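Residue-level structural notes
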Amino acid sequence: SRSRHAMEDVLPSGLLEICLLVGVPGERLRALLQVSRRKPKSLPALDPEVLSVFVPPFISKDDIQVINTSSNNLNKSKRRSFRKKKERPKIENAKSLNGDQKAADTEEITVPKDIDLIGLPQLCFPGGLYITSESKEDHIHFLVFTDVCGNRTYGVVAQYYQSIQVCYLTYTGKTLGYFVPFAICVISRYPYFNALKDCLSCLLVQLRPIKNFDVDEHIKEFAAKLFLIPTPPPGPLHLVFNMKPLQIIIPSREDPDSPIIDLDLHLPLLCFKPEQVLQIMTCILTEQRIVFFSSDWALLTLVAECFMLYLHPLQWQHTFVPILSRQMLDFVMAPTSFLMGCHTDHFEEVSTEAEDLILINIDNGDIMHSKNPEEEPEIPDVPAQAAETFIKRVKALQLHYDLELCHLSASTDLGELQMRRRAWQQKLNSEVQQTTLQLIVNIFREVKDHLNYEHRVFNSEEFLKTRTMGDQPFYRKVLETYMFHSFLKARLNRKMDAFARLELSTQSEEERLNLMFDSPRRLTMEKMASKRFNPQYLISRRMVISMPNLQDIKLPQGPPRNSSLRRLETSPAVKLPSKSVSTLKIPEIHFPLICQCVQSYYADFFNHLSKAINTLPPDNSALLARYFYLRGLISLMQGKLLNALSDFQNLDKTDLRIFPTDLVRKIVETMPPSERSQAERKPELKKLISRMMEKQREIVKIDDHVKNFELPKTHMQLDDFVKRIQESGIVKDIDTIHRLFDALTVGHQKQIDPETFRDFYNYWKETEAEAQAVNLPPAVIEHLDKNECVYKLSCSVKTNYGVGKIALTQKRLFLLTEGGRPGYVHIAAFRDIEDVKSTTVAFLLLRIPTLRIKTISKKEVFEANLKTECDLWYLIVKEMWAGKKMADDHKDPQYIQQALTNVLLMDAVVGALQSSKTIYAASKLSYFDRMKNEVPMMVPKTTSETLKHKINPSAGEMFPQAVDVLLYTPGQLDPSERPVNAHPKLWCALNEGKVVVFDASTWSIQQHCFKIGSSKLTCMVMIEQSQVWIGSQDSFIYIINTHSMSCNKQLNDHRSDVTDIIVEKKNGIPSEAYSCSLDGTVIAWNISTLKVNRAFQLPCQNLTSVRLHNDQLWCCSGSCIFVVSTQEFRPHLRIEHNLKDMCSCLLCFQLFPERDEVWASYSGSSDLYIWNTRDLASAPQKIPLQDCAEITCMIKVKNELWIGSRGRSQGKIKGKIYVVSAEKKSVEKELVGHADTVRALCSAEDRYVLSGSGKEEGKIAIWKVE
């Protein structure tokens, strides 16, 4: 029994927690009416009381003994005792089966802890309980309760009237008819407003014919039924059950972090103009004291709830009481933020009594302030661009169902009417949700540019400075709220919620490129031009991206792409493909509610789900997961713990996101020993149990503090300086910050005082702000590329090209000429510079410092009399020239961004220090120029010709990270996809389970880093178009859905590091996948069902890779290569070579089946070994590789083997790539592409090879295949 109670704490609640009947007791009523003899109208309001409480369990105590883990005794600890006395309400769960009342004085009843029975009757009759002389219509309204922890409970109340005859003992003996109101209140943990309203409507139909007040039996059956109905897990399955005469639908939430939506989300849009909706949202976002008014109690709660949903994923964290009864009006005197609701009858009273309230009248759409002695509080405007987009979209919504009905044939069936209306409502709800979410994203999109994730810092001052003047009042208020603080925490935790998903999917190309290079923020020419909205110019602008155009990787032909997603947002809402949703009919529950009926209901439900599972095609894993989840719950209710665990275990392979971790952990902890040992005997359950116990030990507290950026107040040593600069958002790279530290401490002891830091920071930020204000005329802009930015302007100087300011972009220097019309004169592109000199020129008696730049193509040398700026510009031009040369030589555009950062830091050092040594100090930052002089970096000709491009997957991180695995996936266009998703992709696994995905058509990061487990990833394979499998050292195979780019399945059948995965194709179609792990296990998988087809244990302990050829698996272990048949897993032969001169193991191998050859490498050896498979007795052929310490990876491309290695040159680790011809058995090319070991290789359609290096460099090189 103890274990049973522990279980009940975590069982998800059913639809109903508790049900109450509220009204006036019959005896009290009759006595009152007989004494008063007044007309109903003149009777005062009566005090409502709780007449009956209906709480689980709904079957008797004797019955409960029969069920070992009956669900009916659910959630014990969530309840508190409610002692019955004679005058207390009647509690309907203590009747025995034959209906005798048990000893009522002592029976203790449990009521959910967070439900206050004392205040509830007033909320069931918020306008008072009045007896009437004629019957009134039934009326429904909604309640929301919040406990101290912020958890919400929801109530739906139905008021109905019953007639009562009172006979007066007067001389006429006449009887008068009265109508007395009663209320039935259903309380649930979930906001199922529409479903519960429909349920109560059905109950009222059943209660109508009942003349006496004895409705308890009916209400008890109703409550018991709702209690047995489970709530659906998140995802595409809604539950349906029959409540005569209606079919009730319980919708699920869309995904685990979405809210449940079971109301009409467009109600506020019918009550208020879009501009007013924005005003109300601002009041909520700025955490005002808000009171809604309406003459309709139901509207108060529904409208308030809609506004809560409009803000998702932001959450209101203050008092929320959408209905105040008459007795509760003094709540509005509370001093803190709140959102409450009142009847319009109390408008005058509230507006005069309380100060500084926002009063919102739902009935007429008015928004006003209550009197405030000081001043009217200003409601700031929502940021203009976001508001404009929102208003346009709302106006484009079709809010009236009547307009939808015009073209439909009239329906004669109640069920069909209901379904039609519901489908229309669901579609509209999702459009409203999209519109409001887009608003929230548009308001807060740029917050991320001012965050430092490593030190959890938000630079609010800088964020505010980048807002327009008109938007600042809004942000100033919002940035101080609890709501925004929680939002910041979620961003710093990189939470993938609705905000993050929409923000990612609507990123512009420029933002994606900015993720690649951690470069200082400046206006691009495209942005500068669009600020002018000059249509003439916009058409002729040049579209240039400084990325290689890898022409022969074809993109699938999709719809034409809109070049700027930003402009797209102001059009009506992007229509998302509607997600298909299925429904599951819950079996009937039969009464009377005795144990056998409940058990047969569970059995029916279990069988119904099993049938659904068996008939569903395996590729519909989303639906399968929901069936498994529900079946697990039902097994739990039946007390079959092992069945429940097996079903929850199945969620790994169908949808991980709905795995009920807490529930499963609780089951494991409270299992009786006999069942525990039974579970331990099943390998998959054993693994599940050990995983749960490990998780239990692992629960770590998430660091969720958020700091606001502040300038330091004390002296800083190097480490503290590094942290402060990173927090400030100026630069992240540690080596660069070390050089900055040296520059700022020239001639001092090695520490920086707060004043120097402040001067440097302020100068940097001012320069950034000035650059944002640079506004070039169209005549100049058209000479520049769309993503070029002006990073620095000189003072006005005299040059031999005319008078003007020298401008520096990431590509060139040009002169912004002055005079009548500013013009453009080209000085030099950095790649064309031949020489730079700083000299002085005699002028009268002065010598004026002058900068001379000689370019390759021009005879004329550019001269500028830069005076005091000359030395700085000399350093700047030389650094950019050297950076550009490095970038071109190494095909790595990141070098230019680094050079730019160095140049801007030099500029800020000179601006901040103002001393005689500033130029010497600034020169500490000229990194590329120094490298060029110290080590002439000649890239060998073969390398230079073969290397196409380099990219850095750890851009924006503090350190480079090793590239462990690479995978290229070709593009494809699925009609439901956005064209961007159809591009080819490069998947890159970094340390500790990080995966970065690049768009391989432009190499701009597409989805920046998602995390898969926390161990090193070992292999990645595209199994079919929609799934990529990733093996990890934690023994799991993670399955990524390539459409949603998320991991929601995993395979957990291996017991040690997964080392390789391959896929077998029959006629080009994937038929089976094979995976192997270090302990020698090989598993063959059914790709569609993810079931194990066959498994085999090899007699070895170090299985590192497998290859497939002609129904044979070639398995490489430390000492030898096994060949086994794929069907029986029978070993056919072993290849082993006893290397007497070395005790080393096989590292990697490749098959050349058409040549009957196996190529392999050994640890610590620089030789490549080649066996002939027809003559294994002979010694293998050896190919020595020069300058190689060890071969680390190899792939076959066409008729060549590309080999990655670790080697040394001049005392440093180098990563060389060797291209060996299979035919000639000779090294065709040696490529020097990496400054660390080559860790990973992959091929892109045999046209390119991609290589990734270790953590000293952490870059990916793209090579052309001949």
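Everything below is about the structure shown above.
This structure is a prediction, so every number in the text was calculated from the model and none was measured.

**Regarding the environment of Phe331**
You can see Phe331 is positioned in the loop between strand S12 (319–321) and strand S13 (338–343). Between the alpha carbons of Phe331 and Val321 there is a distance of 9.3 Å; along the sequence they are 10 residues apart. Beyond its immediate stretch of four places on either side in the chain, Phe331 contacts Leu324, Phe338 and Met340.

**With respect to the packing of helix H28 (residues 718–728) against helix H30 (residues 754–773)**
Direction vectors running N to C along H28 and H30 enclose 25°, while the axes themselves pass 12 Å from each other. In terms of orientation, H28 and H30 fall into the roughly parallel class. You can see that H28 and H30 cross each other, and the crossing is right-handed. Where H28 abuts H30, its residues Phe721, Arg724, Ile725 and Ser728 lie against Phe757, Phe760, Tyr761 and Lys765.

**Quick notes on the sheet that holds strand S34 (residues 1037–1041)**
Ordered by their spatial adjacency, four strands build an open sheet running S32-S33-S34-S35, and the pairing between neighbours is antiparallel. The sheet is open, and its two borders are formed by strand S32 (1017–1024) and strand S35 (1046–1051), each paired with just one other strand. Strand after strand, the sheet turns through a mean of 25° between neighbouring axes, direction not considered. Relative to S34, strand S33 (residues 1027–1032) runs antiparallel, the two being bridged by five bridges. For Trp1029, the partnering residue across the bridge sits in S34 and is Ile1039.

**Comments concerning the state of the cysteines**
Across all of its chains, the model carries zero disulfides by this definition. Cysteine Cys1076 remains unbridged, with the sulfur of Cys1115 as its closest cysteine sulfur at 6.9 Å. Residue Cys1076 is classed as buried on the basis of its relative accessible area, which comes to 0%.

**Quick notes on the sheet that holds strand S54 (residues 1260–1264)**
What links the strands of a sheet is backbone hydrogen bonding, and the strands pair in either a parallel or an antiparallel sense. The strand order across the open sheet formed by four strands is S27-S54-S53-S52, and the pairing between neighbours is antiparallel. One side of each edge strand has no neighbouring strand; the edge strands of this open sheet are strand S27 (947–951) and strand S52 (1238–1244). Shown here is a sheet whose adjacent strand axes are inclined to one another by a mean of 20°, direction ignored.

**As for the pattern of salt bridges**
What the rule picks out here adds up to 57 salt bridges. In this structure, Glu416 and Arg420 form a salt bridge, with 3.4 Å as the shortest nitrogen-oxygen distance. Here the residue Glu416 and the residue Arg420 both occupy positions in helix H13 (residues 414–444), the gap between them amounting to four residues, near one helical turn. Overall, Glu416 belongs to the partly exposed group, its relative accessible area being 35%. Across the pair Lys448 and Glu503 runs a salt bridge whose closest N-O atoms are separated by 2.9 Å. Here Lys448 is found in the loop between H13 and strand S16 (451–452), whereas its partner Glu503 is found in helix H17 (residues 498–505), with 55 residues between them in sequence. On the basis of relative accessible area, Glu503 is assigned to the buried category, the value being 9%. It is possible to trace a salt-bridge network through shared partners that takes in Asp255, Asp257 and Arg501.

Here is what the cut-offs are and how they apply
- Residues numbered from 1 in each chain as written.
- Predicted model: local features only at pLDDT ≥ 70, side-chain atom pairs only at ≥ 80, totals over all residues.
- Heavy atoms only, no water.
- Helix = DSSP H or I, 4+ residues; strand = E, 2+ residues; numbered from the N terminus.
- Contact = heavy atoms within 4.5 Å.
- Axes fitted to C-alpha atoms, helices over the stretch in contact; angles between N-to-C directions.
- Parallel < 35°, antiparallel > 145°, perpendicular 65-115°, else oblique.
- Left-handed = near helix turned anticlockwise from the far one by under 90°.
- Pairing = 2+ DSSP bridges.
- Disulfide = S-S within 2.5 Å.
- Buried < 20%, exposed > 50% of the residue type's maximum accessible area, 1.4 Å probe, protein only.
- Salt bridge = Lys/Arg side-chain N within 4 Å of Asp/Glu carboxyl O.

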